[in-house]
Amino acid sequence: MKRLLLAIAAIASIAFGSYAQKTQLYVSYGGYTQMDATDCHDDWSHVNNAWGAINAGIDFRILPQLRIGPSYTFSSCTTKGEHHSNIAYHAILFNLKYDYYRNSIVRLYAHGGVGAVISHMMPRHDDAYNKSYFAYQIVPLGAEAAISRSVALFGELGFGAQGLLQVGLKFNI
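Residues numbered from 1 in each chain as written. Predicted model: local features only at pLDDT ≥ 70, side-chain atom pairs only at ≥ 80, totals over all residues. Heavy atoms only, no water.

Undergrad: Can you lay out the sheet that holds strand β1 (residues 23-31) for me, pointing to particular residues and giving the numbers?
TA: Taken together, eight strands build a closed barrel; the order of strands is β1-β2-β3-β4-β5-β6-β7-β8 and the barrel is antiparallel. Averaged over all neighbouring strand pairs, the angle between strand axes comes to 25°, with direction disregarded. Two strands pair when backbone bridges link them, and strand β2 (residues 53-63) and strand β3 (residues 66-78) are joined in this way by seven bridges, in the antiparallel orientation. Its bridge partner being in β3, N55 is matched across the sheet by T73. (Pairing = 2+ DSSP bridges. Helix = DSSP H or I, 4+ residues; strand = E, 2+ residues; numbered from the N terminus. Axes fitted to C-alpha atoms, helices over the stretch in contact; angles between N-to-C directions.)

Next comes the structure, spelled out in structure tokens:
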């Protein structure tokens, strides 16, 4: 039984090894996030909309049309009124991206992600505390255009912790 499991592991690593080496790093800006649209601020009142979100992540190609990987998102906002306070949002997602069209320059894909948003609440006259919420990202339309062999521009239209409209750069490593 041990030999059979080792043989299966060896075959899987050979089969998927060449795809797993194709890795992409990305950074992006996303506007109007899940944190603005849903109550990720512990029912605080008079909360301003966040300025958007900065996203960073890494994708590992596991099959010719499938990529997976983690991402991190940061955003923040303030409250209005005499008790002006701050909220910082930290989102960690596990992402899945599926390419449904691809040529040598352009790639169209769908993207889904799930994870957690940690809201770091910083009330003006009290101790800071954290609240966690379910985070997601749903993107039916993502497009990537290669600038060179190692750099690409991308844009995504969807909704979630990373933003309604997301634009950025991808780097092949």
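Undergrad: An account of the nonpolar core is requested, with residue identities and associated values reported.
TA: Grouped together as the largest cluster of nonpolar side chains are 14 residues, with contacts concentrated most on M35, I87, Y89, V117 and A161. Among the elements that take part in this core, strand β4 (residues 86-102) stands out by supplying four residues, more than any other. Aside from chain neighbours lying at most four places away, what touches Y89 is M35, C40, H41, T73, F74, S75, S76, C77, V117, I118 and S119. (Core = buried A, V, L, I, M, F, W, Y, C linked by side-chain atoms within 4.5 Å. Buried < 20%, exposed > 50% of the residue type's maximum accessible area, 1.4 Å probe, protein only. Contact = heavy atoms within 4.5 Å.)

Undergrad: Please provide a residue-by-residue account of unusual backbone geometry, values included.
TA: The backbone of D42 sits at a positive phi, close to 50°, despite the residue not being glycine. As for its position among the elements, D42 is in the loop between α2 (34-37) and β2. Of note in the backbone geometry, D43 takes a positive phi value of approximately 60° without being a glycine. Relative accessible area serves as the criterion here: at 63%, D43 is assigned to the exposed category.

Undergrad: How would you sum up the pattern of salt bridges? Please name residues and give values.
TA: Counted under the stated rule, the structure contains 10 salt bridges. Here D99 ties to R67 by a salt bridge, and the two come within 2.8 Å at their closest N and O atoms. You can see D99 sitting in strand β4 and its partner R67 sitting in strand β3, a full 32 residues away along the chain. Its relative accessible area of 1% is what places D99 among the buried residues. We classify R67 as buried; its relative accessible area is 2%. The salt bridge involving K170 is made with E144; its shortest N-O contact spans 3.1 Å. Placement of the pair is K170 in strand β8 (residues 165-172) and E144 in strand β6 (residues 129-146), with a sequence separation of 26 residues. For the pair K170 and E144, one class covers both residues: buried. (Salt bridge = Lys/Arg side-chain N within 4 Å of Asp/Glu carboxyl O.)

Undergrad: A description of the pairing of strand β5 (residues 106-122) should follow, citing residues and the corresponding values.
TA: Two elements, β4 and β5, share 16 bridges in a ladder whose sense is antiparallel. Following the sheet pairing, I87 is matched in β5 by M121. Connecting the antiparallel pair β4 and β5 is a turn made up of three residues. Counted along the chain from β5 to the antiparallel partner β6, the turn is six residues long.

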